[in-house]
Every structure is written in C-alpha cells, then in structure tokens.
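Examining the three-dimensional arrangement
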Protein chains: 2
Amino acid sequence: MSSDERPALRVTISDVAAAAGVSRATATRALKGEGRFAPETQERILAEAERLGYVRNTMAAELAAGRTGTVGLMLRDASNPAYGLLFSRLQDEAHRRGLDLVTVTIGADEQGAEQVNALHRLLGMRVAGLIVATGGITAAQLAPFADQVPIVRAGRVETAEGIHTAHYDDPSHGELLASHVLSLGHSRVVVLSGAEDVSLAEHLRATAMEQTLRAGGASVTLLSVGAAPTDGVDEALDAVRAGATAVMCASDYRQLAVMRALRDAGLSVPGDVSVTGCDGILPGADLLGLTTLRIPVEAVAAAAVETMQRLLSGSDADAVPTVRQPFVGTLVPGTTAAAL
Amino acid sequence: MSSDERPALRVTISDVAAAAGVSRATATRALKGEGRFAPETQERILAEAERLGYVRNTMAAELAAGRTGTVGLMLRDASNPAYGLLFSRLQDEAHRRGLDLVTVTIGADEQGAEQVNALHRLLGMRVAGLIVATGGITAAQLAPFADQVPIVRAGRVETAEGIHTAHYDDPSHGELLASHVLSLGHSRVVVLSGAEDVSLAEHLRATAMEQTLRAGGASVTLLSVGAAPTDGVDEALDAVRAGATAVMCASDYRQLAVMRALRDAGLSVPGDVSVTGCDGILPGADLLGLTTLRIPVEAVAAAAVETMQRLLSGSDADAVPTVRQPFVGTLVPGTTAAAL
DNA sequence: GTGAAAGCGCTAACAA
DNA sequence: TTGTTAGCGCTTTCAC
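Residues numbered from 1 in each chain as written. Chains lettered and ligands numbered in written order. Predicted model: local features only at pLDDT ≥ 70, side-chain atom pairs only at ≥ 80, totals over all residues. Heavy atoms only, no water.

**With respect to the overall build of chain A**
- For chain A, the helix and strand inventory stands at 13 helices and 12 strands.
- For 340 residues, the compact-globule estimate of 2.2 N^0.38 gives 20 Å, and the C-alpha radius of gyration of chain A, at 26 Å, exceeds that figure by more than 25%.
- Its C-alpha atoms put chain A at 85 × 45 × 35 Å along the principal axes.
- Per-residue burial over chain A gives 52% buried out of 340 residues.
- Long-range contacts, defined as pairs at least 24 residues apart, comprise 70% of the intrachain contacts of chain A with a sequence gap of at least 6.
- If you sum the accessible surface of chain A, you get close to 14100 Å²; carbon and sulfur atoms cover 51% of it.
- One finds the centroid of the 28 positive side-chain charges in chain A at a distance of 6 Å from the centroid of its 39 negative side-chain charges. (Helix = DSSP H or I, 4+ residues; strand = E, 2+ residues; numbered from the N terminus. Rg over C-alpha atoms; globule rule 2.2 N^0.38 Å. Buried < 20%, exposed > 50% of the residue type's maximum accessible area, 1.4 Å probe, protein only. Contact = heavy atoms within 4.5 Å. Areas by Shrake-Rupley, 256 points an atom, 1.4 Å probe, with all protein chains shown as cover. Lys, Arg positive; Asp, Glu negative; His and termini not counted. Charge placed at Lys NZ, Arg CZ, Asp CG, Glu CD.)

Below you can see the structure in the form of structure tokens.
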C-alpha cells in the first residue's frame, strides 16, 4: 500500500484532510455533517476516513468543543441481580433516548475513598450528567457538583436539594408486604433486615414492616444485622421455635438464606412458618414460589434517564425544581407465605 | 468569599497554580507527586486545589500525555446474572490490580451497528486496552485494532490471531453434563439449545452434549432454537411424551422454562423426566436443586484482567504470542436429574 | 463552500 | 527546584 498508511488509531483528522485535499476545518464539518460543505467534498472525506480507518479522538474533540456527549453512571456491584437489571434497563433507556452512557462500578463493600475516586474519574471526564445508582456515595460528596452537572440518583431516595431522584418507595414496599402477612392472620412476626448503615433500602422496608405490623396488633421481633445474607438467620430460627409464625426478610437474598436454614432444620415452608422477601427479580423465583415484592426497576430506570435528558436539554438547569419520583412495586403473593 | 471562586468543574490547573503562586508545570508535578518540587510548595498547591475544588480534566491530561490509564470493557446486557457476575468479577479484579475500567454495554438483542458504535466510543477514548465480554462483536471488527491496543476476549472463545482470550471451555461443559446424564442411565435424551448464531456458548455445549451422548449409545433429539428461553419447550415436551427420559438444556434459563412447562403439564422432575441446565449462577439454584454446571466466572475474570495487565506492561506487545486460556467449570449434581 | 488561526486544559522536554 | 515553550487532536469563529 501507499506510504500514507498509519496504524488505525493514530490516524488524525489532519491525515484525513490531507488525503482528501481539504483543510482540517472542512474535514471536521463534513465528518460530523454539520455546517456548510459541498456534498461531493463530504463524500471524498468520508471515503478517505473510511479507507484510513480513522477513529475520532473523543478526548480531543470534547476538549476542543468544551462539552461532552456522555452521561456518567456510577453503579453498585452488578453481581446482585437487582443492580444488574437496573443497569441493563438504564442502559436500554439511555440508548433509546440517544444518550451515551459510560459506567464505573464500585464494589459493594468498598470504603468511601473508592467511591470518591470513581466519582472523580467520571467528573474528570467532564461528563454531561451523572446518574448515581449506588448508595455508597453521600449527598455531601455529590453536592459540590450539583450545580455544575445534573445529578440523578436512581433507586435510592435522597433528600439533598439539587439532586434529583427516581427511586423505589421502600416504605410502601414494607407496608404492602406487612399488610399481606397481617391479612394471612400472623400475629407473631420476625423482621430480618440489614442495619441502616448497611442497606438503607432494607432499613426503610423493615421499619415500615415493623410499624405496619405493630399497628395491626402483631408482636414483632426486629433483627437488624450485617450485610451477609446469613447474618441473623440463627436468631430468626430461634424466634420461630419460640412461637413466631412468619419471618419477613428485607431482601430476597435473606429470604433464600432463611429458607435454606429452615430446610436444614427440618421445618417446612409455609407449613411450619411463612417467609417473605423483597425485590422479586430472581430468575426462577416463581418456581420457588417466593412470596415477595417485585421492585419497579423498569419504571425507576426510565424515569431516571428521562429526567436526565430533560435536565440536559433544559436551557436553564437551575430553573428546574429538584425532581423526586418514588415508584411502588407490586406484591407477588407466591406460596411461601400462607394463612395461619 | 474571595473573587477567585469559580464553579468546581471549571477550575483549571492554571487557577490552582496562580492561587499558589507557581507555574502550571510545577502545579502539574506537585498534583501528581511526580518529578521534583519542594515539599512545602506541594503542600501549598494541594491545599489550593482542595480549596478551589479542582478536578483534573482527564481528557486534557490524557490528550497531552499521549496515553490513557483506563481499560475499556465491552459488556453484554447485564440483566443475565451470568454477565452481571462476570462484570462484577472483572471489575473487582481490575481494581485489585490497579486498573481503571470504563464500561459500555450493548443490549443482547442489538444489531451489529450498535456494537460497532460502542467499540468506537471506547476506541475514541483511546483506552489503553480492551476487554470484550460480548459475543456480538466479531473478530473481523476487532482485528484492525489488535496491533494498536491489547484486546482480550472474556468468556467466549476466539480463533483470530492477536486477540487474546480467557474463556469458558464450553465443549467440556457439555461433555461433563452429558456424561453425568449417561451415568444415570438415560438413553433417550432431548438437547435444547440456542442456534449457533444465537448463542455460540449454547451451541458449543449442545454439540458436545450430542456427541458425548451418541458416543455413549444414547439416542438424541437436538432442538436448535431461538434466543427466547421458551423457544422449543413445546417440542421438548413432545419428545418427552414420546419417550425421552431426560432434557438437557444449554443454559439455566432454558432449564427454568422447561421446568415451568413440565410443572404446568403435570409432569414431575425428576420422577417423570430428568432436566439439566448449564451456568449454575442463579441465586437460589440450590433450593431448586438444579442439576447444572457452574461456569468458572471468577477464573475467567481473573485471567482476563491478569492477561490485560501483562500485555499493558509488556514493553513489546507483539512479542507476546496470542494467549488462549480455557477454563472448565464444575458439575453441580443437584436433584433435577436422577437415575432411571 | 472553505481555510487560517486561536485555543480547549494539560503535560513534558528543556532551560534556567 | 521551578518556569518556559511547545504541542496533543480537535473544534470553531471569522474572514475569504
């Protein structure tokens, strides 16, 4: 081949321009199809770009243009199907709306330093917006940037001004499940949940469960434990042996752990004890007959992206009042909880 | 406050340098802690950066430096737990090794155009390396860049020269499962799989199953169907009614679909028919007693990242022969497949 | 319709 | 130890 061959990723727009016999300015315009240029010129430029294997250097382009076309997504560890699905739906929705997403993740068990690091990586790219789908980052850490770049929290509630949300209405979830259990006639119930600083969602659910149950006249044993699904399972079993007829878990993972323990202990579900969970997105949950609550992942994802797009296109960002959008899931009756 | 206040993300290194009374070059060095500078000078610069809320513009930095510190990850839709877990493990491993990952995803059902678009977005960022965890992108599309940037495929096998892999040994997986089924005494078996162009992994597994079964003297009905888990389920049931005693599914999703259909048809598992799957990463699979094969996600992720790091640090990239690393999972006997 | 020129924010020799 | 000077690759007025 001719001597104008360069390794694909080192072809610059100057190379393309030169090969097409035009200036860089013209090449830029033709390549993005904006501004004025002769159709035949564009054709030639496009052909040369193709031939040379030109890939625009995004960093240079966005630096020069002074703006970014991508939205940053901070995601919690995706090994949890609830986050995996949220991730997937956010991605789909962003794609549908023509937004480019670039994602960084932080392990679920990371310390604050990692979270901040990830945040800075995204901000360093000067993303046009930020979708935060991890509880690990605090409002205080986000706040300084809220007036620079639109920030939408997806999944978790947020009270800080200027940070928008599309979130699960976890108190309602807890209430719905508790009402169901009450309606089945249970009056001695164990509530198993992660502590507030371990999982805000679980905490909110569990608190609502407890309140609803007590309001319904039931006696409640609240177990507020660590992050591991097996934490507190033994205590829950003890409570069952002591007469509790239902175990309400603040997440499906805990529910599975409880059911394993129950099976190993020779207790039957729902014969000896009813068990409920929350999340409802495990594939195969139906085969297990899990009584749970399906969280509205799709609605949250759609609202988060839609909000982001609106903020992005809004001429005056500060003119928009902080958006708060709670979504309620649907109860999945299942067969692991039955009437007394 | 003083008049040197600018919105956080608009503070440049010049602002920091000016505030600290030094040149930009000194600020650069002090900020990254490389090169020579007086400790006290650095202290001052760091303090000013902190005070002004300076966040380095990564695009500008990497453009100027001529290199990137991040590795791009192309991921398939994470709503499938197998990909979600792979994603999570790749991320963990990268973090452990000090590599920064930036991810773009493509829906599982996307056309080629989207995949190429995603690839270009990553290449446009001039990532230092590329980890590809989606089957949707072909070797031909990757090849032009393989000598520019190290490329490692994670999960799926690859034959193209210059593209490294850490992949599941799916033929072995099929063989292991089929041997298990044979050892249980089954001789009339249905194999349910996605077609080759739908899922290479499923195809490889199914092909191996078929061969192993036939070699073992069994008669095989191979159903090569579409991507939807319910595809081919009816036909599989027909085959069961016609005398087949085992249904081998090329993925857990199909296995679940088959079990639902069997349940609805009033057939018992494994009483009337044995069922096997493949993947083994569904939470709760143990409670269902699924007979399946756990794919070695962790090993693949670790090997992929380790290979990437090696390629990145290797002075002479082309000196490294193409790396191929197949990993075999472990059989999970379960209770959905039993002896005849 | 096209090109020349001035940067975007930062880094990296090379001087000083 | 610090500052000066060139750019990195691209976009974008503003003339022509």
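**Considering the interface of chain B and chain A**
- The partner chain A presents 54 residues to the 54 residues of chain B that form the contact.
- Interface area for chain B against chain A, summed over the two sides, is near 4900 Å², with a carbon-plus-sulfur share of 60%.
- On the chain B side of the interface with chain A, the three residues burying the most area are Leu9(B), Met59(B) and Arg126(B), jointly 16% of the side's total.
- At the surface where chain B touches chain A, the tally comes to 4 salt bridges.
- Asp100(A) serves as the salt-bridge partner of Arg121(B), at 3.5 Å between the closest nitrogen and oxygen. (Buried area = accessible area lost by both parts, 1.4 Å probe. Salt bridge = Lys/Arg side-chain N within 4 Å of Asp/Glu carboxyl O.)

**Considerations on the domain arrangement of chain A**
- According to the domain assignment, chain A consists of domain 1 (8–56), domain 2 (70–169 + 297–328) and domain 3 (170–295).
- For domain 1 of chain A versus domain 2 of chain A, the separation of C-alpha centres amounts to 36 Å. (Domains from an automatic or database assignment.)

**Describing the sheet that holds strand β8 (residues 246–249) of chain A**
Residue and element names in this part refer to chain A.
- Taken together, 4 strands build an open sheet; the order of strands is β7-β6-β8-β9 and the sheet is parallel. Either end of the sheet is taken by a strand with one partner, and the two such strands are β7 (219–225) and β9 (274–276). Strand-to-strand, the axes of this sheet are offset by a mean angle of 15°, without reference to chain direction.
- For strand β6 (residues 188–194) and β8, the ladder comprises 4 bridges, and the chain directions are parallel. Within β8, the position partnered with Leu192 by the bridge is Cys249.
- Sitting on the sheet, helix α8 (residues 170–183) touches β6, β8 and β9, and the angle it makes with β8 is about 170°.
- The strands that helix α9 (residues 200–215) touches are β6, β7 and β8; relative to β6, the one it contacts most, it runs at about 165°. (Pairing = 2+ DSSP bridges. Axes fitted to C-alpha atoms, helices over the stretch in contact; angles between N-to-C directions.)

**Considering the protein's contact with DNA strand C**
- Around DNA strand C, a shell composed of 27 residues is seen, among which Ala38(A), Ile13(B), Arg24(B), Tyr54(B) and Arg67(B) lie nearest.
- Taking the atoms of DNA strand C that fall within 4 Å of the protein, sugar and phosphate contribute 62% of them.
- Between Arg56(B) and DNA strand C, the recorded distance is 3.0 Å, taken from a side-chain N or O atom to a phosphate oxygen.
- Taking Arg67(B), its side chain carries an N or O atom lying 2.5 Å from a phosphate oxygen of DNA strand C.
- Contributions of two or more residues to the surface near DNA strand C are made by α2 (24–32) and α4 (58–65) of chain A together with α2 (24–32) and α4 (58–65) of chain B.
- Top contributing element to the surface near DNA strand C by residue count: α2(B), with 5 residues.
- Across the surface near DNA strand C, the residue classes tally to 13 nonpolar, 6 polar and 8 charged. (Near = heavy atom within 4 Å. Polar contact = N/O pair within 3.5 Å; in protein donor to acceptor, adjacent residues only side chain to side chain. Nonpolar A, V, L, I, M, F, W, Y, C, P; charged D, E, K, R; others polar.)

**Some words on the relation of the copies chain B and chain A**
- Overlaying chain B on chain A yields an RMSD of 0.1 Å, the required transformation being a rotation through 180° with an accompanying axial translation of 0.0 Å. Seen this way, the second copy is the image of the first under a two-fold rotation axis.
- Mapped onto chain A, 100% of the interface residues of chain B are again interface residues, and the two copies thus contact each other with one and the same surface. (Least-squares fit on C-alpha atoms with pLDDT ≥ 70 in both.)

**Considering the side chain of Glu93(B)**
Residue and element names in this part refer to chain B.
- Positionally, Glu93 belongs in helix α5 (residues 81–96).
- The class of Glu93 is buried, set by a relative accessible area of 11%.
- If sequence neighbours within four positions are ignored, Glu93 has contacts with Ala301, Ala302 and Val305.

**Points about a nonpolar patch on the surface**
- A surface patch of nonpolar side chains, amounting to about 210 Å² of accessible area, comprises Leu176(A), Val328(A) and Leu331(A).
- The exposure class of Leu331(A) is partly exposed, given its relative accessible area of 31%. (Patch = residues over 30% accessible without salt bridge, like charges linked within 9 Å, V, L, I, M, F, W, Y side chains within 5 Å.)

**Thoughts on the pattern of salt bridges**
- Evaluation of the coordinates by the stated rule reveals 32 salt bridges over all chains.
- Two residues, Glu306(A) and Arg310(A), come together in a salt bridge whose shortest N-O distance is 3.3 Å. Taken as a pair, Glu306(A) and Arg310(A) lie in helix α13 (residues 297–313) at a separation of 4 residues, close to a single helical turn.
- With relative accessibility at 37%, the residue Arg310(A) sits in the partly exposed group.
- One salt bridge in this structure joins Glu202(B) and Arg254(B), with 2.7 Å as the shortest N-O distance.

**Focus: the protein's contact with DNA strand D**
- Near DNA strand D, the surroundings consist of 26 residues, among which Ile13(A), Arg24(A), Arg67(A), Arg36(B) and Thr41(B) are the closest.
- For DNA strand D, the backbone portion of the atoms within 4 Å of the protein, that is sugar and phosphate, comes to 61%.
- Within the backbone of Ile13(A), an N or O atom sits 2.4 Å from a phosphate oxygen of DNA strand D.
- If you list the elements that add at least two residues to the surface near DNA strand D, you get α2 and α4 of chain A together with α2 and α4 of chain B.
- Residues that form the surface near DNA strand D fall into these classes: 13 nonpolar, 6 polar and 7 charged.

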